[in-house]
Number of protein chains: 4
Amino acid sequence: MNSFNTIFKVQIYGESHGAGIGVILDNVPPGIPLNEDDFTADMSRRKGGQRGGTPRVEADIPELKSGVFKGHTTGAPLMIWIANENTRSADYEKQRDVFRPGHADFVAHIKYKGFEDYRGGGHFSARLTAGLVAAGVIAKKILSTVSFEAQVTEVAGQKNPEKGLELAIAAKDSVGGIVSCTIKGIPVGLGEPFWDSIESRLAHALFAIPAVKGIEFGAGFEAAKMFGTEHNDTYIDQYGGTTTNHAGGIIGGISNGNPITFNIAIKPTASTPKNQTTYNHTTGALEDFSVKGRHDLCVALRAPVIVEAMAALVMADLFFLARSKNGTAAI
Amino acid sequence: MNSFNTIFKVQIYGESHGAGIGVILDNVPPGIPLNEDDFTADMSRRKGGQRGGTPRVEADIPELKSGVFKGHTTGAPLMIWIANENTRSADYEKQRDVFRPGHADFVAHIKYKGFEDYRGGGHFSARLTAGLVAAGVIAKKILSTVSFEAQVTEVAGQKNPEKGLELAIAAKDSVGGIVSCTIKGIPVGLGEPFWDSIESRLAHALFAIPAVKGIEFGAGFEAAKMFGTEHNDTYIDQYGGTTTNHAGGIIGGISNGNPITFNIAIKPTASTPKNQTTYNHTTGALEDFSVKGRHDLCVALRAPVIVEAMAALVMADLFFLARSKNGTAAI
Amino acid sequence: MNSFNTIFKVQIYGESHGAGIGVILDNVPPGIPLNEDDFTADMSRRKGGQRGGTPRVEADIPELKSGVFKGHTTGAPLMIWIANENTRSADYEKQRDVFRPGHADFVAHIKYKGFEDYRGGGHFSARLTAGLVAAGVIAKKILSTVSFEAQVTEVAGQKNPEKGLELAIAAKDSVGGIVSCTIKGIPVGLGEPFWDSIESRLAHALFAIPAVKGIEFGAGFEAAKMFGTEHNDTYIDQYGGTTTNHAGGIIGGISNGNPITFNIAIKPTASTPKNQTTYNHTTGALEDFSVKGRHDLCVALRAPVIVEAMAALVMADLFFLARSKNGTAAI
Amino acid sequence: MNSFNTIFKVQIYGESHGAGIGVILDNVPPGIPLNEDDFTADMSRRKGGQRGGTPRVEADIPELKSGVFKGHTTGAPLMIWIANENTRSADYEKQRDVFRPGHADFVAHIKYKGFEDYRGGGHFSARLTAGLVAAGVIAKKILSTVSFEAQVTEVAGQKNPEKGLELAIAAKDSVGGIVSCTIKGIPVGLGEPFWDSIESRLAHALFAIPAVKGIEFGAGFEAAKMFGTEHNDTYIDQYGGTTTNHAGGIIGGISNGNPITFNIAIKPTASTPKNQTTYNHTTGALEDFSVKGRHDLCVALRAPVIVEAMAALVMADLFFLARSKNGTAAI
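Just so it is clear, the structure is predicted and the values come from calculations on it, not from any experiment.

(A) Broad picture of the overall build of chain A. When you go through chain A residue by residue, the secondary structure sums to eight helices and 15 strands. For 331 residues, the compact-globule estimate of 2.2 N^0.38 gives 20 Å, and chain A sits close to it at 21 Å. Going through the 331 residues of chain A one by one, you find that 67% of them count as buried. Sequence separation of at least 24 residues holds for 73% of the intrachain contacts in chain A that already meet a minimum separation of 6. Element-wise, carbon and sulfur atoms account for 51% of the exposed surface of chain A, whose accessible area totals about 9,900 Å².

(B) Inspection of the environment of A:Val107 at higher detail. Mapping A:Val107 onto the fold places it in helix H3 (residues 105–111). When the C-alpha atoms of A:Val107 and A:Pro55 are compared, they prove to be 27 Å apart, with 52 residues separating the residues in sequence. With sequence-adjacent residues up to four places away left out, A:Val107 is seen in contact with B:Val188, B:Ile251, B:Ile254, B:Ser255 and B:Asn256.

(C) Region of the structure containing helix H5 (residues 161–171) of chain A. All names here are of chain A. Where H5 is concerned, the buried positions are Gly-164, Leu-165 and Ala-168. Within H5, the buried residues cover an arc of 100° as seen down the axis, which keeps them to one side. Facing away from the buried side of H5 by over 90 degrees, the exposed positions are Glu-162, Lys-163 and Ala-170. A distance of 2.9 Å separates the backbone nitrogen of Glu-162 from a side-chain oxygen at the start of H5, and that oxygen is part of Asn-160. Among the residues trailing H5, Lys-172 stands out with phi positive, at a value near 50°.

(D) The arrangement of the interface of chain D and chain C in detail. With 107 residues of chain D at the interface, the matching set in chain C holds 107 residues. Together, the buried faces of chain D and chain C total about 8,200 Å²; carbon and sulfur atoms form 67% of this surface. With a closest N to O distance of 2.8 Å, D:Glu154 and C:Lys225 form a salt bridge. Counting across the chain D and chain C interface gives 41 residue pairs in polar contact (both at pLDDT 80 or more). Bridge analysis of strand E10 (residues 212–217) of chain C against strand E10 (residues 212–217) of chain D gives three bridges, and the strand direction is antiparallel. Bridged to C:Gly214 within E10(D) is D:Glu216.

(E) The relation of the copies chain B and chain C, seen in detail. Turning chain B through 180° and shifting it by 0.0 Å along the axis lays it on chain C, with an RMSD of 0.0 Å. Taken together, the rotation and translation relating the two chain copies correspond to the operation of a two-fold axis. The position closest to the rotation axis in chain B is occupied by the C-alpha of B:Gln11, lying 4.1 Å away. A symmetric contact is evident, with 100% of the interface residues of chain B recurring at the interface of chain C.

(F) Layout of the sheet that holds strand E9 (residues 177–184) of chain D. Spatially, E8(C)-E9(C)-E13(C)-E10(C)-E10(D)-E13(D)-E9(D)-E8(D) is the arrangement adopted by the eight strands of the open sheet, whose pairing is antiparallel. Strand pairing shows two members of the sheet lacking a second neighbour, strand E8 (147–155) of chain C together with strand E8 (147–155) of chain D, which therefore form its edges. On average, each strand axis in the sheet is tilted by 20° relative to the strand beside it, whichever way the strands run. Note that E10(D) and strand E13 (residues 260–266) of chain D share five bridges and pair antiparallel. Note that in E13(D) the partner of D:Glu216 across the bridge is D:Asn263.

(G) Inspection of the sheet that holds strand E4 (residues 63–66) of chain A at higher detail. Residue and element names in this part refer to chain A. Strand order in the open sheet formed by five strands is E1-E2-E3-E7-E4, and the pairing between neighbours is antiparallel. The outermost strands of the open sheet, each flanked by one partner alone, are strand E1 (3–4) and E4. Relative to strand E2 (residues 10–14), E1 is paired through two bridges, and the arrangement is antiparallel. Pairing of Phe-4 across the sheet is with Val-10, part of E2. Running at roughly 30° to strand E3 (residues 20–25), helix H4 (residues 129–142) makes contact with E2, E3 and strand E7 (78–83) of the sheet.

(H) Looking closely at the interface of chain B and chain C. Contact residues are listed per partner, giving 40 residues for chain B and 40 residues for chain C. Between chain B and chain C lies a buried interface of about 3,200 Å² when both sides are counted; carbon and sulfur atoms form 63% of it. One can count zero salt bridges joining chain B with chain C. Applying the counting rule to chain B against chain C returns six residue pairs in polar contact (both at pLDDT 80 or more). If you tally residues by element for the side of chain B that touches chain C, the top one is strand E2 (residues 10–14) of chain B, at four residues. When grouped by side-chain class, the residues that make up the side of chain B that touches chain C number 15 nonpolar, 15 polar and ten charged.

(I) View of the packing of helix H8 (residues 303–326) of chain B against helix H8 (residues 304–326) of chain D. Interhelical geometry of H8(B) versus H8(D) gives an angle of 120° and a closest axis separation of 7 Å. Taken together, H8(B) and H8(D) sit at an angle that is classed as oblique. For H8(B) against H8(D), the interelement crossing comes out right-handed. Listed contacts from H8(D) to B:Phe320, B:Arg323, B:Ser324, B:Lys325 and B:Asn326 of H8(B) are D:Phe320, D:Arg323, D:Ser324, D:Lys325 and D:Asn326. Here the residues of the contact of H8(B) with H8(D) are counted per class, giving two nonpolar, four polar and four charged.

(J) Seen up close, the packing of helix H6 (residues 198–206) of chain A against helix H6 (residues 198–206) of chain B. Viewed as axis vectors pointing N to C, H6(A) and H6(B) meet at an angle of 175°, and their least axial separation amounts to 8 Å. Classed by the angle they form, the pair H6(A) and H6(B) counts as roughly antiparallel. When H6(A) is examined against H6(B), the residues A:Ser200, A:Arg201, A:Ala203 and A:His204 are found in contact with a partner set consisting of B:Ser200, B:Arg201, B:Ala203 and B:His204. Residues of the contact of H6(A) with H6(B), tallied by class, amount to two nonpolar, four polar and two charged.

(K) Broad picture of the packing of aromatic side chains. Applying the stated criterion across every chain yields a total of 42 aromatic pairs over all chains. Taking 5.7 Å as the distance between ring centres and 50° as the angle between the ring planes, the aromatic pair formed by C:Phe217 and C:Phe262 counts as tilted. Residue C:Phe217 is located in strand E10, and its partner C:Phe262 is located in strand E13 (residues 260–266); the two are separated by 45 residues in the primary sequence. Look at C:Phe217 and you get buried, because its relative accessible area is 0%. Aromatic rings pair up to connect A:Phe8, A:Phe319 and A:Phe320 into one cluster.

(L) Seen up close, the side chain of A:Glu116. All names here are of chain A. By the element assignment, Glu-116 lies in the loop between H3 and H4. Owing to a relative accessible area of 6%, Glu-116 belongs among the buried residues under this scheme. Among the polar contacts listed, one links the side chain of Glu-116 to the side chain of His-109, at a separation of 3.0 Å.

(M) Main features of the relation of the copies chain D and chain C. With an RMSD of 0.0 Å, chain D superimposes on chain C once it is rotated by 180° and translated 0.0 Å along the axis. Interface overlap between copies is the fraction of interface residues in one copy that are interface residues in the other; for chain D against chain C it reaches 100%, indicating a shared surface.

(N) Main features of the pattern of salt bridges. A full pass over the atoms with the stated rule returns 72 salt bridges over all chains. For B:Lys140, the salt bridge goes to B:Asp42, with nearest N and O atoms at 2.8 Å. With a gap of 98 residues between them, B:Lys140 in helix H4 (residues 129–142) and B:Asp42 in helix H1 (residues 40–46) connect regions that are remote in the sequence. The exposure classification of B:Lys140 matches that of B:Asp42, with both residues buried. Where C:Glu192 meets C:Lys325, a salt bridge forms, and the shortest distance between an N and an O atom there is 2.9 Å.

(O) Representation of the nonpolar core within the structure. Counting 320 residues, the largest nonpolar core has A:Met315, B:Met315, C:Met315 and D:Met315 as the members making the most contacts within it. The dominant element in this core, judged by the number of residues it contributes, is H8(B), at 16 residues. In contact with D:Met315, other than residues within four places in its own chain, are D:Leu143, D:Phe148, D:Ile183, D:Ile186, D:Leu190, D:Ile198, D:Leu202 and D:Ile260.

(P) Region of interest: the environment of C:Leu321. Relative to the helices and strands, C:Leu321 is located in helix H8 (residues 304–326). Remark: the alpha-carbon pair of C:Leu321 and C:Ile7, spanning 314 residues in sequence, is separated by 7.2 Å.

(Q) Quick look at the state of the cysteines. Taken as a whole and assessed by the stated rule, the structure comprises zero disulfides over all chains. Not part of a disulfide, B:Cys181 finds its nearest cysteine sulfur in B:Cys298, a span of 17 Å.

(R) Just the environment of B:Lys184, in detail. Residues and elements named next belong to chain B. With respect to the helices and strands, Lys-184 occurs in strand E9 (residues 177–184). For Lys-184, a relative accessible area of 47% translates into the label partly exposed. Spatially, the C-alpha atom of Lys-184 lies 51 Å from that of His-281, the residues being 97 residues apart in sequence.

(S) The arrangement of the side chain of C:Asn280 in detail. All names here are of chain C. Position of Asn-280 among the secondary structure elements: in strand E14 (residues 276–280). Residue classification places Asn-280 among the buried residues on the basis of a relative accessible area of 2%. Within the structure, Asn-280 has its side chain in polar contact with the backbone nitrogen of Thr-283 (distance 2.9 Å).

Rules and cut-offs
- Residues numbered from 1 in each chain as written.
- Chains lettered and ligands numbered in written order.
- Predicted model: local features only at pLDDT ≥ 70, side-chain atom pairs only at ≥ 80, totals over all residues.
- Heavy atoms only, no water.
- Helix = DSSP H or I, 4+ residues; strand = E, 2+ residues; numbered from the N terminus.
- Rg over C-alpha atoms; globule rule 2.2 N^0.38 Å.
- Buried < 20%, exposed > 50% of the residue type's maximum accessible area, 1.4 Å probe, protein only.
- Contact = heavy atoms within 4.5 Å.
- Areas by Shrake-Rupley, 256 points an atom, 1.4 Å probe, with all protein chains shown as cover.
- Arc of directions from axis to C-beta.
- Polar contact = N/O pair within 3.5 Å; in protein donor to acceptor, adjacent residues only side chain to side chain.
- Buried area = accessible area lost by both parts, 1.4 Å probe.
- Salt bridge = Lys/Arg side-chain N within 4 Å of Asp/Glu carboxyl O.
- Pairing = 2+ DSSP bridges.
- Least-squares fit on C-alpha atoms with pLDDT ≥ 70 in both.
- Axes fitted to C-alpha atoms, helices over the stretch in contact; angles between N-to-C directions.
- Nonpolar A, V, L, I, M, F, W, Y, C, P; charged D, E, K, R; others polar.
- Parallel < 35°, antiparallel > 145°, perpendicular 65-115°, else oblique.
- Left-handed = near helix turned anticlockwise from the far one by under 90°.
- Phe/Tyr/Trp six-rings, centres within 6.5 Å; stacked < 30°, edge-to-face > 60°.
- Core = buried A, V, L, I, M, F, W, Y, C linked by side-chain atoms within 4.5 Å.
- Disulfide = S-S within 2.5 Å.

Printed below as a string of structure tokens:
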């Protein structure tokens, strides 16, 4: 199932080394000014090429193939196409007798019965997040009075990300990290009880980002160690204002007017320059394995803009859902 | 939006102090033996009444109102009704001039424009999880060769839950905790890339449980501190067997044959016996507030069977989805 | 899949001779005044007992089990329960060795592997439309400025329905009929191109009514015989006013401000008092068959209020969908 | 909402005079042999250019942009792109001061607030059915033992379509027609009671085809004139065999093993060569109007392959749904 959201639907497609990747957005409201320059800032935040980053760098210019006319969205499905250019598939043909550790090669091979496009992870590739970042640009435009701000707050256990990256470079090994995000400007009342709680929806989308292995809202795992009187945010006025924000802006699954805050844990890049041992299913023996292809030492460094995009896609849908029922949107 | 899943749909309904609560399950396969005794074990695991638990104890006998005939599921929608009996709504009428800290009272009041059923949290009440546990019993029957085992692994920061509960009783305050779950017997290949990754789907459902504020799979937040060569699970055979299980049984969103493992963080019960300060929107002043109603000191203690139920509901749906496409289910 | 609509979801459940039947409505806006009297008029329009009608007459009082508090909808899932009272299941136990012609008995037996509740058609029974009529009452309240008016316009090929019914009574046989519906007050712009055209959505819901075998909008099948200049509705003002309404109020799947009009064809009641031949799968021989149970000679006579309910459920959802995107609902 | 189906999802996109049009298919099973030649036969059936047909003829070669690798489907989303080549948008710029009678111009203008792509009907164009036909080719491959056969059975009220077309040419006016379809090889048990009856699902998809205004299954509108003993199909064996097929292969919404049969009514092409009167919203006066652009006299002539495609898309989804629950697909 490669689509998400109820109204503002996002359908993803493409492969790392195929013709290209992209998304289709459904139910984009008509009349939003949009041209290809609008994508430049966020797309370049996602790009590789920085220190410790993959040498594969793509132009990554989203082409708007439908749903835009005379510089505005039309209300029809909006199709974004991002061509693949800088592909070197030969690297992957050589590695077909081992499944790369930490990658989806093995599960894809079983699930798709050997018909998967295995080049660079195929449809599982993090390259597909380029389409999501482009979609996020449009979601941010829809929620023009809301701010989404994510940043790397830890790499390799170091609060100073640069120091964590130095550790990785020194060890010639990949590393994980933490991304923290704050959403400001969400009015009280978005989200639904139970299945469509804000936490449920955001977590659903955020765990769709490759390499994410944990999510916590507000005080998160720390909350599990607290007493109730410590954790409860004390109300101080009639607008729901509180002294603290341990709830991370969400109570009962619903926004309470405070900033929405969450952290996500990102595992180390599965492709590490260091040698590993793995099983060769042709020889039937364990063997030394060294990764081919071009990769980042720390994918967390490129994640903030992807996290923002995912959060914006989810919040736009919850906003449409709330407006469908009450017709008096606060945004 | 009060339903979840794509094929094996779960629709939830009811309020804490209304006539009752329950669920409707859609697309239950026909021919599963089912009677009301099947629910006894899991329903009693969820019940209050233990040490530090709420004195509100309900019979909680799920009545099967449709979809069952002559002791077997029919394939038609299966409606479960659980009547409310032991309600004391008067407690809540008294508290309408304050919004209880840590509860959804304030957000519900805004979102539903003052028409919400405010008694005992109404539709936001954790009492609705009784219906989910009943639904989980059926999901577990469908996945008869899969085991779901959740337990409390930490209370109030103590690895020994009983010790944590003692701290709460001594402090006359509520506390949070950690629940850990292991799912064994899931074949390789369930889950989908991106939006319907196992992590996405499980997290979506688990964050629907009231009081859950964090989720991590496999090594989770610890993974963010690791090097790639430490974190990657080394393959050792042709079946995808690995030396470690840092991935928690999920790679690229897909099950890899290892046990699926995750931890969830549960915040302290919002209703604590200790006095708190809160805003009185009638007087316009801050005032001392003491919770009425009957509550647990630590809701985490009742959570394991709810976590198992949610996990079973999700995995059953992903199983149906996989089977729809390949027709050769391994379960 | 027993639910319908995208936002204003309708989940159906129950069996003809089980404990009861009903629906759950999701995303009902809060604050709609609602009590059990509101259902009386439409529920009694659906009831049997008139001339040529089934002698099975139920009280059919919808009980609001959740989602209503102090006489208003709360915004939480609204569960409607209608108990079955006047059941005579023994009639059906006797007929298990033949599949009733024109009924779903045979297909249900295969599809549900013999586990189906076969009493009175089980979940396939037209009795379930009682829940839909109740749901329709709420949809009509939501669309308070829209009118839905359906009536029987033909029975047994007679434009005068009473005359057609006389034919049936004289022949001691069941008969079919036509129901025509007009929806007034829908603003321009509801519906979506392609999949969620108004025709698509209405037809989807209307074909869910047992015994419906045909639907046409506006000029319908007659349009297939017309020239373009005859069929096109000529615009005469800036508001989309037209001289004719051959399009039935829908162009490109979207409402154009004219009344929405459609006809539906309803087959004769499958249960006819006249003897039939059928296959006995116990004896393996053809045999004379006479229907047990209590039935209408012409189900079309009870259909108008069901048709209105279905139309209202669909239009309410399309209204919510339109409002989610533009926030400036005309209704 | 521009997607359809539950498992085998079809997302449509594009505009008549934009860069191109297409579809994305989700949950295509892996391993289906597929190359661009597979589309040739059905795509050329849909093409214009025949007698009385539009002089706009496109190459219409579907490009498989994702989800196919080494000549087989991979199981990942399958994106089909069909470039627009033969566009003459200038025709439409000239006509902006009138809304073309019978077209969606007026409703689109209101619904999309003036931001719609109005060239050639934009996203409303029947050109988008090219993508659906391509999608249908894949659905037919999935249901390899099922046959879908649609043909024009009436034009302008003439049982001989060619004679009807002569009437149109003589009158220099467009005409409507009837398309009849038969689906053979569907096993007993596909479809669901109520909302996902085969009739509901097929009608939903078929009314998404531009210009369709009526649908009837089996005896259809004729059934409304029949007695029960005439209409009921008599069972003659244990496999559900019947003497007649008035039900059109569907009972209770479920396939009964007989051929599924239905007719659809198609209105005359909205664009007719004959002069019409319409409202000019710039001058505020009625004026003579003659259609620009290139059009068919009878769109029904191109509809059969589109009808087959839609039917195949729906039946594939119902097949996946049935298989998800019983795992023992008969196909």
